[in-house]
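So you can see what is in the structure, the chains are spelled out below.
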Amino acid sequence: LTIEPDNKDWTWVLERPCAECGFDASAVAHETIAPLTRATAARWLLVLAEPTSLLRRRPEGRWSALEYACHVRDVFWLFDHRLLLMLNEDDPLFANWDQDRSAAADRYNEQDPSTVGQELVVTARSLAANFETVSGPMWRRRGRRTDGAAFTVASFGRYMIHDPLHHLSDVAEGFNRLSGRADTVG
Ligand SMILES: [Zn+2]
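What you see is a predicted model, and the numbers here were worked out from it, not measured in a lab. (Residues numbered from 1 in each chain as written. Predicted model: local features only at pLDDT ≥ 70, side-chain atom pairs only at ≥ 80, totals over all residues. Heavy atoms only, no water.)

K.L.:
Please clarify how the coordination of the zinc ion should be interpreted in this entry.
P.N.:
Octahedral metal centres with six donors ideally show angles of 90 or 180 degrees, and tetrahedral centres with four donors ideally show 109.5 degrees. Summarising the metal site, the zinc ion is bound by the protein donors Cys-18 (SG), Cys-21 (SG), His-162 (NE2) and His-166 (ND1), whose distances to it range over 2.0 to 2.3 Å. Every donor counted, the four donor atoms about the zinc ion form angles of 103 to 115° at the centre, which fits tetrahedral coordination. Within one chain, the residues donating to the zinc ion are spaced in sequence as C-x2-C-x140-H-x3-H. With Cys-21 in the segment before helix H1 (33-48) and His-162 in helix H6 (residues 153-179), the pair connects residues that are 141 residues apart, well separated along the chain. In this structure Cys-21 comes out as partly exposed when scored by relative accessible area, which is 25%. Residue class for His-162 comes out buried when judged on its relative accessible area of 4%. (Donors = N, O, S within 2.8 Å, 3.2 Å for Na, K, Ca; no water. Tetrahedral: all angles 85-135°; square planar, octahedral: opposite > 155°, others 65-115°. Helix = DSSP H or I, 4+ residues; strand = E, 2+ residues; numbered from the N terminus. Buried < 20%, exposed > 50% of the residue type's maximum accessible area, 1.4 Å probe, protein only.)

Structure (structure tokens):
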């Protein structure tokens, strides 16, 4: 199952609204990244309160909700790590991260949803707290991926927050497909 590997270029989400989830990263003021990160983590906790059997079911061609939650937890961790690199080094080059390999190697779908929820919230709080240390010219500090994509701390934050929000819509869509119900979750 292949979902947006790290080398796929999603940086267009900085230029225009996402057609799939509707989120417009360009409209996010950088001082809202920290509170938005905490609010998004709280929405993931609600997802993880669903029955474990539902959380582990994979809709056709998609990750399960639990796999997405594990991914989001790891995205928060990865972006926290990269944010600290940007704040502490000059224009660091980020190491590659293969998301599908990570999902398989860590057996995402076998993890305990309540543990994943706790880890997701702790990691999101750390990331939010580190974004709150950023002020003034620090928002213009830079970092690069190996595929050539270049970020400032501000664009990095706007890019980051789309991912867990986008996957909330993936999960809502997946729940709808699995259950046939009309309401959405998250
Ligand atoms: Zn999206």
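K.L.:
Before we go on, may I ask you to explain the nonpolar core in this structure?
P.N.:
Where a protein is soluble and globular, its nonpolar side chains tend to be buried together. Counting residues in hydrophobic clusters, the biggest one holds 55 residues, and the most contacted among them are Trp-44 and Phe-131. Among the elements of the structure, H1, helix H2 (52-55), helix H3 (65-88), helix H5 (113-132) and H6 are those that each provide at least two residues to this core. In terms of residue count, the dominant contributor to this core is H3 (14 residues). Discounting chain neighbours no more than four positions away, the residues touching Phe-131 are Ile-33, Ala-34, Leu-83, Trp-139, Val-153, Phe-156, Gly-157 and Met-160. (Core = buried A, V, L, I, M, F, W, Y, C linked by side-chain atoms within 4.5 Å. Contact = heavy atoms within 4.5 Å.)

K.L.:
Would you take a moment to explain the environment of Cys-70 for this structure?
P.N.:
Structurally, the position occupied by Cys-70 is in helix H3. Residues Cys-70 and Leu-36, 34 residues apart in the sequence, show an inter-C-alpha distance of 19 Å. Once residues within four sequence positions are removed from consideration, Cys-70 is found in contact with Tyr-108, Gln-111 and Val-116.

K.L.:
When you look at the packing of H3 against H5 in this model, what are you seeing that I'm missing?
P.N.:
If you want to describe how two helices pack, look at the angle between their axes and the distance between the axes. Where H3 meets H5, the closest approach of the two axes is 9 Å, and the angle between their N-to-C directions is 25°. Taken together, the axes of H3 and H5 are roughly parallel relative to one another. Of the two possible hands of crossing, H3 and H5 adopt the one that is left-handed. Seen from H3, the contacting residues are Leu-66, Ala-69, Cys-70, Val-72, Arg-73, Phe-76, Trp-77, Phe-79, Asp-80, Leu-83, Leu-84 and Leu-87; seen from H5, they are Pro-113, Val-116, Glu-119, Leu-120, Thr-123, Ala-124, Ser-126, Leu-127, Asn-130 and Phe-131. Here the residues of the contact of H3 with H5 are counted per class, giving 16 nonpolar, three polar and three charged. (Axes fitted to C-alpha atoms, helices over the stretch in contact; angles between N-to-C directions. Parallel < 35°, antiparallel > 145°, perpendicular 65-115°, else oblique. Left-handed = near helix turned anticlockwise from the far one by under 90°. Nonpolar A, V, L, I, M, F, W, Y, C, P; charged D, E, K, R; others polar.)

K.L.:
Just checking my understanding: could you explain H3 for this structure?
P.N.:
Each full turn of the α-helix corresponds to 3.6 residues, which orients residues three or four apart in the same direction. With 24 residues, H3 extends 34 Å from end C-alpha to end C-alpha; this agrees with the ideal 34 Å at 1.5 Å per step. Burial within H3 is extensive, with 20 of its 24 residues counted as buried. (Expected span 1.5 Å × (residues − 1).)

K.L.:
Before we go on, may I ask you to explain the pattern of salt bridges in this structure?
P.N.:
Pairing between side chains becomes possible if they bear opposite charge and their charged atoms approach one another. Under the counting rule described, the total for this entry stands at ten salt bridges. As a salt-bridge pair, Glu-67 and Arg-58 come within 2.5 Å of each other at their nearest N and O atoms. Its relative accessible area of 5% is what places Glu-67 among the buried residues. Note that Asp-74 is salt-bridged to Arg-73, the shortest N-O span being 2.9 Å. As far as burial versus exposure is concerned, Asp-74 and Arg-73 are alike and both buried. (Salt bridge = Lys/Arg side-chain N within 4 Å of Asp/Glu carboxyl O.)

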